[in-house]
Amino acid sequence: MPDALLLLSFGGPEGPEDVIPFLENVTRGRGVPPERLAEVAQHYLHFGGISPINALNRQIITALEADLADAGLDLPVYFGNRNWHPMVEDTVARMTADGVRSALVFTTSAWGGYSGCRQYDEDITRARAAVGAGAPELVKLRQYFDHPLLIESFADAITAAVQQIPADRRGNARLVFTAHSIPVSADTTAGPPADGGRLYSRQVAEAARLCAAATGFAEYDVVWQSRSGPPQVPWLEPDIVDHLDVLHGKGIDAVVVCPVGFVSDHLEVIWDLDNEASARADELGMAFARAGTPGTDPRFSRMIVELVAERVSGGPVRELGEVPGYGCTVDGALCAPGCCELPARPARR
């Protein structure tokens with residue numbers, strides 16, 4: 001039986017003074033010019049310099065603590081981030097001081113791939129190394145992109161969003177799923193080499209298929225958002241805003257957007273969808289509704305409890321899809337040798 005549960009997330013600024021230091025943490029080692037950081041900073045400053053992610057994660061933890069107690073699982077819940085306070089290194093140090101010797105780790109990414117899975121393994125490895133001898137064993141829970149409770153939550157959010165479309169346009173409304181774009185090269189190497197790559201985009205497509213089936217949509221689209229990096233580097237496409245133009249050209253006058261790639265209303269959701277995509281739809285005369293994310297749905301914390309019970313007591317593995325999931329590893333080990341390698345960056349000239 002583990003001693004604790006660590007919720008491990010991305011992190012986000014909680015005030016204007018945090019924004020640039022946070023972005024410097026996110027982009028460290030990538031050679032991102034200061035002017036690009038300043039541009040992205042404006043997205044955060046538009047919302048007072050506060051990302052919703054930390055507050056939303058604390059809401060998840062509050063619900064999770066109650067659901068763990070109801071399930072008879074005596075596990076204190078700790079909170080750590082990759083890029084902003086509470087930093088995971090500090091959290092693991094506190095866990096060690098509290099006498100935690102073994103803990104499960106739930107990450108706020110449902111996906112495979114470097115950013116969605118392997119980088120969290122690297123966070124675990126780095127935090128344990130920072131603490132040194134006596135650091136607890138950290139067992140990362142598996143990917144959960146097709147867990148029934150996650151799909152049910154998204155499906156109900158889609159149904160609610162459809163009701164926001166004017167009644168005379170609902171019959172023509174197009175369902176569009178979005179997830180965070182990544183470089184095509186990173187998607188190509190996502191997953192264990194023996195599985196053939198493209199694990200991230202395949203999992204996103206599978207989650208979209210399951211959500212569409214649960215809501216009765218025979219037709220839908222999977223598109224991407226929030227790309228960054230130099231324009232000469234190919235990323236997963238099409239972008240949501242570009243796709244709205246395509247749908248408009250086909251005579252679609254209403255769209256329901258589901259951010260299936262996000263567990264909570266992170267800044268990318270409220271900026272790229274509620275701001276940019278919504279504004280473009282308005283310019284095109286399209287009715288626009290955005291489905292909610294599952295993080296604050298009671299089923300989300302119950303899903304985490306199921307993942308814990310699955311690991312602790314060998315409970316049933318609940319998954320719906322046909323695309324494989326991985327990600328359950330110990331102390332930052334990889335799912336397989338070479339899993340989710342990042343392609344080497346070309347030398348700067």
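Worth saying up front: this structure is predicted, and the values here are computed from it rather than measured.

Using the criterion set out here, one finds ten aromatic pairs in the structure. Ring centres of Tyr144 and Phe300 lie 6.3 Å apart, and the angle between their planes is 70°; this geometry places the pair in the edge-to-face category. Taken together, the positions of Tyr144 in the loop between strand 4 (137-140) and helix 6 (148-162) and Phe300 in helix 11 (residues 298-313) put the pair 156 residues apart, joining distant regions of the chain. As far as the burial class goes, Tyr144 and Phe300 line up, both buried. What links up through ring pairs into an aromatic cluster is the set Trp111, Phe145, Tyr200 and Trp224.

Another point: the pattern of salt bridges. Scanning the model with the defined rule gives 21 salt bridges in all. Residue Asp245 pairs with Arg280 through a salt bridge whose shortest N-O separation is 2.8 Å. Residue Asp245 is located in helix 9 (residues 240-249), and its partner Arg280 is located in helix 10 (residues 267-284); the two are separated by 35 residues in the primary sequence. Using a relative accessible area of 31% as the deciding quantity, one classes Asp245 as partly exposed. Where Glu283 meets Arg280, a salt bridge forms, and the shortest distance between an N and an O atom there is 2.7 Å. Placement of the pair is Glu283 and Arg280 together in helix 10, with a separation of three residues, close to one helical turn. Judged by relative accessible area, Arg280 falls into the partly exposed class, the value being 26%.

This part covers the sheet that holds strand 4. Strand order in the open sheet made by the five strands is 2-1-3-4-9, with mixed pairing throughout. The open sheet has two edge strands, strand 2 (77-81) and strand 9 (329-330), and neither has a second partner. Where strand 4 and strand 9 come together, two bridges link them in antiparallel fashion. By the bridge assignment, Lys140 is partnered in strand 9 with Thr329.

Turning to the sheet that holds strand 6 (residues 220-225), a few remarks are in order. Taken in spatial order, the four strands of this open sheet run 6-5-7-8, and their pairing is parallel. Here the strands that pair on one side only, and so sit at the sheet edges, are strand 6 and strand 8 (287-290). Averaged over all adjacent pairs, the angle separating strand axes in this sheet is 25°, with direction ignored. On the sheet, helix 10 packs against strand 5 (174-180), strand 6, strand 7 (254-258) and strand 8 and is oriented at approximately 170° with respect to strand 8.

Counted at 1.5 Å a residue, the expected span for helix 11 with its 16 residues is 22 Å, and the 22 Å between its end C-alpha atoms agrees. The secondary structure elements touched by the buried residues of helix 11 are strand 1 (4-9), helix 3 (53-70), strand 3 (102-107) and helix 6. The distance from a side-chain oxygen at the start of helix 11 to the backbone nitrogen of Arg299 is 2.8 Å, and the residue carrying that oxygen is Asp297. One or two residues past the end of helix 11 sits Gly314, with phi positive at roughly 70°.

Conventions and cut-offs
- Residues numbered from 1 in each chain as written.
- Predicted model: local features only at pLDDT ≥ 70, side-chain atom pairs only at ≥ 80, totals over all residues.
- Heavy atoms only, no water.
- Phe/Tyr/Trp six-rings, centres within 6.5 Å; stacked < 30°, edge-to-face > 60°.
- Helix = DSSP H or I, 4+ residues; strand = E, 2+ residues; numbered from the N terminus.
- Buried < 20%, exposed > 50% of the residue type's maximum accessible area, 1.4 Å probe, protein only.
- Salt bridge = Lys/Arg side-chain N within 4 Å of Asp/Glu carboxyl O.
- Pairing = 2+ DSSP bridges.
- Axes fitted to C-alpha atoms, helices over the stretch in contact; angles between N-to-C directions.
- Contact = heavy atoms within 4.5 Å.
- Expected span 1.5 Å × (residues − 1).
- Polar contact = N/O pair within 3.5 Å; in protein donor to acceptor, adjacent residues only side chain to side chain.

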